[in-house]
Amino acid sequence: MAQGTLPPNPNSSDPYEQLGITADATFEQVQAAKQNCLNQIKADDALGRARVETAYDSVLMQRLKERQLGQLTGAAATASKREAASNAAPAAPALPRLAVLQNLPRPKLQWQQPSIKLAEEKQLWWPLAGHGLLLLLLLVVGNQLGTPELLLALASLLTIGALQRRRSRLFAAVGLTIAALAIGLLIGSLISAGSSLPIGEAQFAAIPALLLLAATAVLFD
């Protein structure tokens with residue numbers, strides 16, 4: 001048996017004995033003992049594997065604490081000298097990461113360019129019906145103060161809902177809606193300046209924006 005190692009004892013309360021190492025074991029021996037214990041445990045034995053991980057964390061935390069306080073035991077000091085002589089271990093091991101945190105999925109942000117594809121069935125007619133109703137209200141009562149802005153806000157929500165329902169990409173739906181609204185308002189403001197129609201300027205400027213929102217709701221996928 002190599003120096004610093006002994007038979008593992010999973011029933012012991014001492015983390016060194018659980019891993020099958022002595023207090024003068026080097027960092028490599030601690031790592032090897034942990035892996036050896038895990039190899040001897042079945043993959044579906046979550047409790048047994050958790051005990052090994054806990055014992056390994058305890059050993060590292062204990063050594064790190066001793067080094068920070070400058071209170072190395074004789075055995076730990078011997079292990080440190082052996083590690084320094086072999087140049088195989090860092091001066092101070094990094095804080096161990098819990099096994100649970102290592103298994104957590106890492107979020108990924110992916111941007112997928114939208115494609116132009118006409119919606120079908122309900123995903124086509126209910127956005128068109130909703131935007132058509134809002135357009136009718138805009139033409140009938142849109143000359144009242146604040147009404148065009150309110151109708152455009154409702155049209156924007158309707159567009160976001162239609163896009164989200166098709167592909168469940170909220171951020172893309174919001175981005176497309178904001179772009180359509182901004183372009184529509186820009187076009188409306190340019191053509192309403194020289195308009196002589198018997199409707200209000202804000203009312204007329206909101207029409208292109210509402211039409212562009214309706215097209216966005218049924219054309220983009």
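Being a predicted model, the structure only gives us computed values, none of them experimental.

1. Brief notes about the side chain of serine 12
Consideration 1: Its place among the elements puts serine 12 in the segment before helix H1 (15-19).
Consideration 2: A polar side-chain atom of serine 12 sits 2.6 Å from a polar atom in the side chain of glutamate 17.
Consideration 3: In this view, serine 12 contacts Glu17 and Gln18; residues no more than four positions away in its chain are not counted.

2. Some thoughts on the packing of helix H2 (residues 27-39) against helix H3 (residues 46-69)
Two quantities define a packed helix pair, namely the angle between the axes and the distance from one axis to the other.
Consideration 1: Contact geometry of H2 with H3 gives a least axis separation of 9 Å together with a crossing angle of 170°. Between H2 and H3, the angle is such that the two are roughly antiparallel. Here Phe27, Val30, Gln31, Lys34, Cys37 and Leu38 of H2 lie close against H3, whose contacting residues are Arg49, Val52, Glu53, Tyr56, Val59, Leu60 and Arg63.
Consideration 2: For the contact of H2 with H3, the residue count by class is eight nonpolar, one polar and four charged.

3. Considering the layout of surface pockets
Consideration 1: Roughly 220 Å³ of volume is contained in the largest pocket.
Consideration 2: Every residue lining the largest pocket is listed: Pro8, Pro10, Gln18, Leu19, Cys37, Gln40, Ile41, Asp45, Gly48, Arg51, Val52 and Ala55.
Consideration 3: Looking at the lining of the largest pocket, the elements with two or more residues in it are H1 and H3.
Consideration 4: Element by element, the count of residues in the lining of the largest pocket is highest for H3, at four residues.

4. Some thoughts on unusual backbone geometry
Glycine aside, residues mostly have negative phi angles, and peptide bonds mostly take the trans form.
Consideration 1: At glutamate 121, a residue that is not glycine, the phi angle is positive and equals roughly 50°.
Consideration 2: Along the polypeptide, glutamate 121 turns up in the loop between helix H5 (99-102) and helix H6 (122-141).
Consideration 3: Of the residues examined, glutamate 121 reaches a relative accessible area of 68% and is grouped as exposed.

5. Regarding H3
Consideration 1: The end-to-end C-alpha separation of H3 is 34 Å, in line with the 34 Å expected for 24 residues at 1.5 Å each.
Consideration 2: Inspection of H3 places Gly48, Val52, Glu53, Ala55, Tyr56, Asp57, Val59, Leu60, Arg63, Leu64 and Glu66 among the buried residues, and these make up the whole buried set.

6. A look at the nonpolar core
Consideration 1: In terms of nonpolar packing, the biggest core is built from 15 residues, with Leu19, Ile21, Val30, Val52, Tyr56 and Val59 touching the most fellow members.
Consideration 2: For this core, the secondary-structure elements that each account for two or more residues are H1, H2 and H3.
Consideration 3: With residues near it in sequence (within four places) discarded, valine 30 still touches Ile21, Ala25, Tyr56, Val59 and Arg63.
Consideration 4: With 12 residues, the next largest nonpolar core counts Leu151, Ala155, Ala180 and Ala209 among its residues.

7. As for the pattern of salt bridges
Consideration 1: Scanning all chains against the criterion turns up one salt bridge.
Consideration 2: Two residues, glutamate 53 and lysine 34, come together in a salt bridge whose shortest N-O distance is 3.6 Å. Highlighted residues: glutamate 53 in helix H3 and lysine 34 in helix H2, separated in sequence by 19 residues. Here glutamate 53 matches lysine 34 in class, with each residue buried.

8. Quick look at the packing of aromatic side chains
Consideration 1: The final tally for this structure, using the stated rule, is zero aromatic pairs.
Consideration 2: Stacked on the ring of tyrosine 56, the Lys or Arg lysine 34 has its end atom at 4.2 Å from the ring centre.

9. Examining a nonpolar patch on the surface
Consideration 1: On the surface, Leu133, Leu136, Leu137, Leu139, Val140 and Val141 cluster together to form a nonpolar patch covering roughly 510 Å² of accessible area.
Consideration 2: By secondary structure assignment, the location of valine 141 is in helix H6.

10. A word on the environment of valine 52
Consideration 1: Topologically, valine 52 is positioned in helix H3.
Consideration 2: Classification of valine 52 by relative accessible area gives buried; the value is 9%.

11. Concerning the confidence of the model for the protein
Consideration 1: In this model, the protein carries an average pLDDT of 78, and 75% of its residues clear a pLDDT of 70 or more.
Consideration 2: The element-level mean pLDDT for the protein is lowest in H5, coming to 52, with H2 highest at 88.

12. Here's the deal with the environment of alanine 180
Consideration 1: In this structure, alanine 180 sits in helix H8 (residues 170-192).
Consideration 2: Along the chain, alanine 180 and proline 208 lie 28 residues apart, while their C-alpha atoms are 9.7 Å from each other.
Consideration 3: Sequence-distant contacts of alanine 180, that is, excluding residues within four places in its chain, are made with Leu212, Leu213 and Thr216.

Conventions and cut-offs
- Residues numbered from 1 in each chain as written.
- Predicted model: local features only at pLDDT ≥ 70, side-chain atom pairs only at ≥ 80, totals over all residues.
- Heavy atoms only, no water.
- Helix = DSSP H or I, 4+ residues; strand = E, 2+ residues; numbered from the N terminus.
- Polar contact = N/O pair within 3.5 Å; in protein donor to acceptor, adjacent residues only side chain to side chain.
- Contact = heavy atoms within 4.5 Å.
- Axes fitted to C-alpha atoms, helices over the stretch in contact; angles between N-to-C directions.
- Parallel < 35°, antiparallel > 145°, perpendicular 65-115°, else oblique.
- Nonpolar A, V, L, I, M, F, W, Y, C, P; charged D, E, K, R; others polar.
- 1 Å grid on protein atoms, 1.4 Å probe; cavity = no way out; pocket = protein on both sides within 12 Å on 5 of 7 lines; lining within 4 Å.
- Points joined across faces, edges and corners; volume = space filled by probe spheres on them.
- Buried < 20%, exposed > 50% of the residue type's maximum accessible area, 1.4 Å probe, protein only.
- Expected span 1.5 Å × (residues − 1).
- Core = buried A, V, L, I, M, F, W, Y, C linked by side-chain atoms within 4.5 Å.
- Salt bridge = Lys/Arg side-chain N within 4 Å of Asp/Glu carboxyl O.
- Phe/Tyr/Trp six-rings, centres within 6.5 Å; stacked < 30°, edge-to-face > 60°.
- Lys NZ or Arg CZ within 6 Å of the ring centre and 35° of its normal.
- Patch = residues over 30% accessible without salt bridge, like charges linked within 9 Å, V, L, I, M, F, W, Y side chains within 5 Å.
- Areas by Shrake-Rupley, 256 points an atom, 1.4 Å probe, with all protein chains shown as cover.
- pLDDT = per-residue confidence, 0-100.

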